[in-house]
Amino acid sequence: MNVEPEATSTVDAPARPARPAAAAPRTPRTRKPRGEGQWALGYREPLNPNEQSKKDDNPLNVRARIENIYAHGGFASIDPGDLRGRFRWYGLYTQRKPGIDGGKTATLEPHELDDEYFMLRVRIDGGALTSEQLRVIGQISVDFARGTADITDRQNVQLHWIRVEDVPEIWRRLEAVGLDTTEACGDCPRVVLGSPVAGIAADEIIDPTPAIREIRDRFVGDPQYANLPRKFKTAITGHPLQDVVPEINDIAFVGVEHPEHGPGFDVWVGGGLSTNPMLAQRLGAWVPREEVAEVWAGVCGVFRDYGYRRLRTRARIKFLVADWGPEKFREVLENEYLHRPMLDGPAPATPERPGDHVGVNEQKDGNLFVGLAAKAGRVDGQRLLALADLAEAHGSYRLRTTPMQKILVLDVAPDQVDSLVAGAEALDLSARPDAWRRSVMACTGIEFCKLAIVETKAQAARLVDELESRLGAMESPITVHLNGCPNSCARIQTADIGLKGQLVPGPAGDPVEGFQVHLGGGLGMDAGFGRKLRGHKVTAAELPDYVERLAKSFTAERQEGER
Ligand code: SF4
C-alpha cells in the first residue's frame, strides 16, 4: 500500500488573460524566477507544507518522541505535524475510520478520516526473511494487529490496528531479529526491491544480495538521504526475468553480462506510475556489483539536490529525468556526484513477462524453491506462524516475499516438496502456477486506506474464487490489478486488466462502487501502460462476469503466441 497520494494533477494553472496596457510606462522590475524548488539552484526555502515540515524537524527525530512521549500519552498526545507527516519515516500511517463510505473520501478533512489506529509497514529489503523473522511478524500481528497482515507489492508486510502505545514493543521485537520499519514510508529511500531468487536461482546472471545489503546498511536512516523531494524507490535484480518491476522504479539496477567485464548491472532511472506514468530510462552505463551502492547514492543525491520540491505533484525523479533526458542526467551524475565517468554497457535482454516465481522451481544447489500465492497478498498472523512452522518442518529456514505479493519458501529438498505444497494448500497458499490468484493483485482499499473510494481486497478474493471455479487454468495468464482510488499502489497501468476504483452508476442510476477499466498494460516485452477506454466502467458486482467475458473472448480470438 502506498497511502500517500501520488500526483493527483499536474495541470498547471491556466494562463491568465493579458492585462490591459497601463496608462503610463512603468520601470521594468526584475523578478526572480519562481523555480521548481531545486536546492542545487538555490531554491531552498520551504515551498509547500511538506517541505516546511521536513525543514522544521528532521523526520527521523520522531522516533524518540514516539518512544518517550506518544507511547505513554496515547493518540491524543501526538503532535499533528508528526501524526500526518513525520510518523511515515517509521512506517506509520493513520488508518481510515471504519464506516466512512468512499463518496466522502474527497469531501472530509484528513483528520475526519483518521482513526486512532495505525497501519505499520515492516520493511523487508530484497524480501529476504528467515523463518524466525516470519514468526516474529506473525506473532506481532496476533498480539498487536488483530491478526492482520498483507504482503505488499513492494515486498513489505503491512499490519493494521496498531496502537501507538504498542509501537516501542513492536520495534523491540522486530529489531531483536534484524527487522525494522525505518524509512518504510516518507520522502526517503523506501524498501529496496530485490530479486526474490537472489543467490539461489540456477539461471541468475548475478546475485544482487551484497549490493542490496550495502545500500540498506549504509544509507537507510542516514540524515543525508532522509529529506528527499518525494519517495525514492529502488529495485535490483540479477535475474533474467527482471522480477522486480524495474521499469517503474525511480532507480533500478538490472543484471546484464558485459562483453569484456562480465556480469554487472544496467542502470535505469525515472520510472513511476500514478497519474503521470513513465517508464524508466537507461543511462547506458554498466556498473559492477561493488559500485552499485556508490552509484545509488549518486542518483539519490541528484534527486535530493535537483528534484522539484515546489509542487508535490512534480516531485518524483521521473519529472526531472523527463525534462533532462538520460544523457544530461548521466552527465550530472558523473561530473558532480561520482567525479568519474561510468563504463558504457549493453542493454539486458527483455523477458516476455516479469517473473513471479510461483510454483516449484529448481535452485542451483539441487534443492527446490516453492512460490506460493495468497489471494491478493492477504494473509494473517496465524497463517504466517503456521507457514514458518511448515517451512522449518520441511528443512527450510529462508523465505522471500515478492513484488507480486507472493511468498517463496527456499531450500526445500526434492523429497520434501510434495508434503510442503500440500501443507501450504491447507493454509490457502497455492503453488499451482495456473491459478488465477497468481495474476490478481489488489491494493489496501477502503478497509484501511484514507484515500480509497472502493473496497479492493475482499473484491479481489471474490474475483479469484469466481474465476478459478468458472474458468480454471488459462493458457496465457491474464493479470488483473485492482486499485481503490486513482493512485496506483497496485500498478493498474501495467496490468492486462487494470481496475481503478471509483463510484460508477449502478443499475438504478445511483452511484455504487466500481472501476474504470484500463486494458492492455504490461511489463517486460509488453512494457507500456494500459489504455483507458472512454466510458468503460464496471460495477463491483459485475466484475467477475466482466473479466470472465473478456478472458473468454481473448482465449477464443487470440493468435498463436499472442499474450
Ligand atoms: Fe493506494 Fe489503494 Fe489507498 Fe489508493 S486506495 S492510495 S491505490 S492503497
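Residues numbered from 1 in each chain as written. Predicted model: local features only at pLDDT ≥ 70, side-chain atom pairs only at ≥ 80, totals over all residues.

Structural notes on the overall build of the chain
Within the chain, the regular secondary structure consists of 13 helices and 21 strands. For the chain, whose C-alpha radius of gyration is 24 Å, the value lies close to the compact-globule estimate of 24 Å for 563 residues. A principal-axis box enclosing the C-alpha atoms of the chain has dimensions of 90 × 65 × 60 Å. Counting across all 563 residues of the chain, residues that qualify as buried make up 52%. Partitioning the intrachain contacts of the chain with sequence separation of at least 6 by distance along the chain shows that 70% fall at a separation of at least 24. (Helix = DSSP H or I, 4+ residues; strand = E, 2+ residues; numbered from the N terminus. Rg over C-alpha atoms; globule rule 2.2 N^0.38 Å. Buried ≥ 20, exposed ≤ 12 C-beta atoms within 10 Å, placed from the backbone. Contact = placed C-beta atoms within 7 Å.)

Let's talk about the sheet that holds strand E4 (residues 148-151)
The five strands lie next to each other as E1-E2-E5-E4-E14, forming an open sheet whose pairing is antiparallel. The strands lining the two open edges of the sheet, one partner per strand, are strand E1 (92-96) and strand E14 (378-380). Recorded for the sheet is a direction-independent mean angle of 35° between the axes of neighbouring strands. Looking at chain direction, E4 and strand E5 (residues 157-162) are connected through two bridges and run antiparallel. Looking at E5, one finds that isoleucine 151 is bridged to valine 157. On top of the sheet, helix H5 (residues 131-144) reaches strand E2 (114-122), E4, E5 and E14; it is set at about 20° to E5, its chief contact. (Pairing = 2+ DSSP bridges. Axes fitted to C-alpha atoms, helices over the stretch in contact; angles between N-to-C directions.)

Regarding the nonpolar core
Counting residues in each nonpolar core, the largest one holds 152 residues, and the members touching the most others are Val269, Val370 and Val409. Considering each element in turn, this core owes the most residues, 10 residues, to helix H8 (residues 292-306). Setting aside anything within four residues of it in sequence, one finds valine 269 in contact with Asp250, Ile251, Ala280, Gln281, Leu283, Val299, Ile317, Val321 and Phe329. (Core = buried A, V, L, I, M, F, W, Y, C linked by C-beta atoms within 7 Å.)

A few points about the packing of H8 against helix H9 (residues 317-338)
Contact geometry of H8 with H9 gives a least axis separation of 10 Å together with a crossing angle of 120°. On the basis of their axis angle, the class for H8 and H9 is oblique. Every pair of crossing elements has a handedness; the one defined by H8 and H9 is right-handed. Of H9, the residues touching H8 (which contributes Glu294, Val295, Gly298, Val299, Gly301, Val302, Phe303 and Tyr306) are Ile317, Leu320, Phe329, Val332, Leu333, Tyr337 and Leu338. Partitioning the contact of H8 with H9 into residue classes produces 12 nonpolar, two polar and one charged. (Parallel < 35°, antiparallel > 145°, perpendicular 65-115°, else oblique. Left-handed = near helix turned anticlockwise from the far one by under 90°. Nonpolar A, V, L, I, M, F, W, Y, C, P; charged D, E, K, R; others polar.)

Describing the environment of glutamine 459
Tracing the sequence through the fold places glutamine 459 in helix H12 (residues 457-470). The class of glutamine 459 is buried, set by 25 C-beta atoms lying within 10 Å. If sequence neighbours within four positions are ignored, glutamine 459 has contacts with Leu482, Ala540 and Leu543.

Brief notes about the pairing of E2
For E2, the tally of buried residues reaches seven of nine residues, placing the bulk of the element in the interior. Where E1 and E2 come together, four bridges link them in antiparallel fashion. Paired with threonine 94 across the two strands is phenylalanine 118, which belongs to E2. Pairing between E2 and E5: four bridges, direction antiparallel. Residue leucine 120 lies in a different strand from E5, and its bridge partner there is leucine 159.

Points about the pairing of strand E8 (residues 251-258)
The element E8 is extensively covered by neighbouring structure, given that six of its eight residues are classed as buried. Here strand E7 (residues 232-237) pairs with E8 via four bridges, running parallel. Counted as the bridge partner of threonine 234 is isoleucine 251 from E8. One ladder, built from eight bridges, connects E8 with strand E9 (residues 262-269); its direction is antiparallel. Across the sheet, the residue bridging to alanine 252 is tryptophan 268, located in E9. A loop of three residues connects E8 with E9, the two strands running antiparallel in sequence.

With respect to the packing of H5 against helix H6 (residues 167-176)
With their axes 10 Å apart at the nearest point, H5 and H6 run at an angle of 165° to one another. Of the possible angle classes, the one that applies to H5 and H6 is roughly antiparallel. As for the relative orientation of H5 and H6, their crossing is right-handed in sense. Residue-level contacts link Val136, Ile140 and Phe144 of H5 to Ile170, Arg173 and Leu174 of H6. Split by residue class, the contact of H5 with H6 holds five nonpolar, no polar and one charged.

Looking at helix H10 (residues 381-393)
Compared with an ideal rise of 1.5 Å per residue, which puts 13 residues at 18 Å, H10 spans 18 Å between its outermost C-alpha atoms and is within 8% of the ideal. Along H10, the residues that are buried comprise Gly381, Arg383, Leu384, Leu387, Ala388, Leu390 and Ala391. On its buried side, H10 packs onto H5, E4, E14, strand E15 (398-401), strand E16 (406-412) and helix H11 (417-426). Directly beyond the C-terminal end of H10, a positive phi value near 80° is found at glycine 395. (Expected span 1.5 Å × (residues − 1).)

Some points on the confidence of the model for the chain
On average, residues of the chain score 91 in pLDDT, and 94% of them are at 70 or above. Low pLDDT, under 50, characterises residues 1-25; the predicted model gives this stretch 32 contacts beyond four residues in sequence or across chains. What the predictor reports for the complex is a pTM of 0.92 with an ipTM of 0.99. (pLDDT = per-residue confidence, 0-100.)

Quick look at unusual backbone geometry
What you tend to see is this: most non-glycine residues have negative phi, and most peptide bonds are trans. Backbone geometry places glutamine 155, a non-glycine residue, at a positive phi of 65°. In this model, aspartate 411 sits at a positive phi of 65°, which is unusual for a non-glycine residue. For aspartate 411, the position within the fold is in strand E16.

Here we look at the environment of serine 131
Tracing the sequence through the fold places serine 131 in helix H5. When the C-alpha atoms of serine 131 and arginine 400 are compared, they prove to be 9.8 Å apart, with 269 residues separating the residues in sequence.

Focus: the sheet that holds strand E10 (residues 281-287)
Strands sit in the order E6-E7-E8-E9-E10-E11 across an open sheet of six strands; the sheet is mixed. Bordering the open sheet on either side are strand E6 (189-194) and strand E11 (343-344), each of which pairs with just one other strand. Here four bridges tie E9 to E10, and the two strands are oriented antiparallel to one another. Each residue of the ladder has a partner; that of aspartate 266, found in E10, is tryptophan 286. The strands that H9 touches are E9 and E10; relative to E10, the one it contacts most, it runs at about 50°.

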